[in-house]
Amino acid sequence: MARILIVDDSPSQLMGIRRIVEKLGHEALTAEDGAAGVEAAKRELPDMVLMDVVMPNLNGFQATRSICRDPGTKHIPVVLVTTKDQDTDRVWGMRQGAKAYITKPFSENDLADIISQMIPA
């Protein structure tokens, strides 16, 4: 069982992703904006982070960059989970350090596949 941090400012998205993560047998941790996500990543050291992009305070690109460049958290894979579906968004997200990029809406199988790729069995 992995510990997965979900960072999303939408309560319905947070609940939906949490339900999938827990159904897959993992522990779900949550944060409601990018700044809280960075703090939770530093405090909890999860096995992976599922990061929304469009959020108040610190957006997902900024939060991903912060997690991926911090010596204490750079080993944690960050997956961007977002409605931003342009190629430029995807390229920019990967340049910030994200290991994968999935666009909303996504299927439960899509998310399960990404999680299994990021977390070794």
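Further up the page is the structure itself.
Residues numbered from 1 in each chain as written. Predicted model: local features only at pLDDT ≥ 70, side-chain atom pairs only at ≥ 80, totals over all residues. Heavy atoms only, no water.

Caption draft 1: Up close: the sheet that holds strand β1 (residues 3-7). If you trace the five strands from one edge of the open sheet to the other, you get β2-β1-β3-β4-β5, paired in parallel fashion. The two strands at the open ends of the sheet, each matched to only one other strand, are β2 (27-31) and β5 (100-103). Averaged over all pairs of adjacent strands, the angle between their axes in this sheet comes to 20°, without regard to strand direction. Sheet topology places strand β4 (residues 78-82) next to β5; four bridges connect them, and they run parallel. Considered in β5, the bridge of L80 is made with Y101. (Pairing = 2+ DSSP bridges. Helix = DSSP H or I, 4+ residues; strand = E, 2+ residues; numbered from the N terminus. Axes fitted to C-alpha atoms, helices over the stretch in contact; angles between N-to-C directions.)

Caption draft 2: Layout of the pattern of salt bridges. According to the stated counting rule, one finds ten salt bridges in the structure shown. The partner of E108 in a salt bridge is R19, with the nearest N and O atoms 3.6 Å apart. Taken as a pair, E108 in helix α5 (residues 108-118) and R19 in helix α1 (residues 11-23) lie far apart in primary sequence, 89 residues in all. Its relative accessible area of 28% is what places E108 among the partly exposed residues. (Salt bridge = Lys/Arg side-chain N within 4 Å of Asp/Glu carboxyl O. Buried < 20%, exposed > 50% of the residue type's maximum accessible area, 1.4 Å probe, protein only.)

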